[in-house]
Amino acid sequence: MIIGLTGGIGSGKSVISNQLRQMGYSVYDTDSEAKRLIMEDVHVREQITDLFGPNVYKDGVYQTALVAKQVFADKSLLAQLNAIVHPAVKADILQRFTSPPFRGESEGGLFFIECAILYQAGLDQLCDKVVAVTAPEDIRLERVIARDQSDIHKVRARMRIQDTEQDIRRADIVINNDGGPPITTLCQEIVQKIKG
Ligand code: ADP
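Keep in mind that this is a model prediction, so the values were computed, not measured.

About the thresholds
- Residue positions are counted from 1 within each chain, in the order its sequence is given.
- Two thresholds apply to this predicted model, a pLDDT of at least 70 for residue-level local features and 80 or more for giving and counting side-chain atom pairs, whereas whole-chain, interface and lining totals are computed over all residues.
- Side-chain metrics in this entry use all non-hydrogen atoms of the structure; hydrogen atoms and water are not considered.
- Strands are runs of DSSP state E lasting at least two residues, helices are runs of H or I lasting at least four, and both sets are numbered from the N terminus onward.
- Exposure categories follow from relative accessible area, calculated using a 1.4 Å probe and restricted to protein chains: below 20% of the type maximum is buried, above 50% is exposed, and the middle band is partly exposed.
- Here, residues are in contact when the closest pair of their heavy atoms is within 4.5 Å.
- We get accessible surface area from the Shrake-Rupley algorithm with a probe of 1.4 Å; when it comes to residues, only the shown protein chains can shield them.
- Charge assignment: positive for Lys and Arg, negative for Asp and Glu; neither His nor the chain ends contribute.
- For charged residues, the charge sits on one atom: NZ in Lys, CZ in Arg, CG in Asp, CD in Glu.
- In this scheme Phe, Tyr and Trp rings, the latter by its six-membered ring, pair at centre separations within 6.5 Å, and the angle between planes marks the pair as stacked below 30 degrees, edge-to-face above 60, and tilted otherwise.
- By convention in these notes, a residue is near a molecule or strand provided one of its non-hydrogen atoms lies within 4 Å of it.
- Distance and chemistry together define a polar contact, namely a pair of N or O atoms within 3.5 Å, with one atom able to donate a hydrogen and the other to accept it when in protein, and with adjacent residues in sequence counting only for side-chain atoms on both sides.
- Buried and open spaces are told apart on a 1 Å grid over the protein atoms alone, a cavity being a set of points where a 1.4 Å probe fits but cannot get out and a pocket being an open set with protein on both sides within 12 Å along at least five of seven lines. Residues with an atom within 4 Å of a point are the lining residues.
- By definition, a pocket or cavity contains a molecule when more than half of the molecule's atoms lie within 2 Å of the pocket's grid points.
- For this text, the term disulfide refers to a pair of cysteine sulfurs within 2.5 Å.

A. Seen up close, the overall build of the protein chain. What the protein chain contains, in helices and strands, is 9 helices and 7 strands. Its C-alpha atoms put the protein chain at 50 × 40 × 25 Å along the principal axes. Considering the protein chain as a whole, with its 196 residues, one finds that 44% of them fall into the buried category. Across the protein chain, the fraction of contacts at a sequence separation of at least 24, relative to all contacts at a separation of at least 6, is 69%. About 10,700 Å² of surface is accessible on the protein chain, with carbon and sulfur atoms providing 52% of the total. Where the 23 positive side-chain charges of the protein chain centre and where its 26 negative ones centre are 2 Å apart.

As structure tokens, this is what we get:
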């Protein structure tokens, strides 16, 4: 069974993913895997170069800041970039979950996909169930400011991009990570609810 794990920035997806890994579950970290594909996948690199020009891989290194600036100013460019990266991620997930070491090695046959924009990227289509992690906005703000050494305005701007309310309504299971129960308890609750 493939389980999506989504939630807004600072909700606690990464800590929950790490705990699930410790419990023996396979978790695909979409963020880091997408970055890897952008750097290493030849077909993805070709398409991104066609879209942004050869300087996008200056000295072989993907120019994140340059791309961020351009897609921020031009929504259609963002849509085109997503149309390159999202299908590549989808294909990578399917390949990963059906071949070793993932195949047959995840506890209870459960595979997790951690993704902040699971629905927007269409990755929910791969999932049998979706878990949304939530926490009050002020707590999420505090956590991200501390984690990223970022300021409140930048974090608020990042939060505004995501429509976490809609994601929570669409999810099959909602887990409240407000700092009450320990992460281990929340993960047990997740597994119980998936199986229930
Ligand atoms: P996300 O991946 O959803 O953006 P993280 O898992 O990185 O969020 O959590 C954001 C920060 O908050 C991290 O520094 C994490 O250690 C901390 N954090 C998350 N959940 C809790 C919690 N229940 N108690 C204390 N700190 C937490």
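B. Broad picture of the packing of aromatic side chains. Summed over the entire model, instances satisfying the criterion amount to 4 aromatic pairs. Residues Tyr-25 and Phe-112 carry aromatic rings whose centres are separated by 5.7 Å and whose planes lie at 85° to one another, so their mutual orientation is edge-to-face. Placement of Tyr-25 in the loop between α1 (13–22) and β2 (26–29) and of Phe-112 in strand β5 (residues 111–114) is noted, with a sequence separation of 87 residues between them. Taking the relative accessible area as the measure of exposure, Tyr-25 reaches 8% and is therefore buried. Ring geometry for Tyr-28 and Phe-97: centres 6.4 Å apart, planes at 80°, overall edge-to-face.

C. Structural detail: the site of the ligand. Contacts to the ligand come from 13 residues, most closely from Gly-10, Lys-13, Ser-14, Arg-147 and Asn-177. In the model, an oxygen atom of the ligand is placed 3.3 Å from a nitrogen or oxygen of the Ser-11 main chain. At a separation of 2.8 Å, an oxygen atom of the ligand approaches a polar side-chain atom of Ser-14. Given that more than half its atoms are within 2 Å of the pocket grid, the ligand belongs to the largest pocket. When residues of the shell around the ligand are traced back to their parent elements, those giving at least two are α1 and α6 (137–148). Here the element with the most residues in the shell around the ligand is α1; it accounts for 3 residues.

D. How the structure looks around the state of the cysteines. Applying the stated rule across the entire model yields 0 disulfides. A disulfide-free cysteine, Cys-115 has its sulfur positioned 9.0 Å from the sulfur of Cys-127, the nearest such atom.

It is worth stressing that arrangement in space is one thing and function is another; only the former is reported here.
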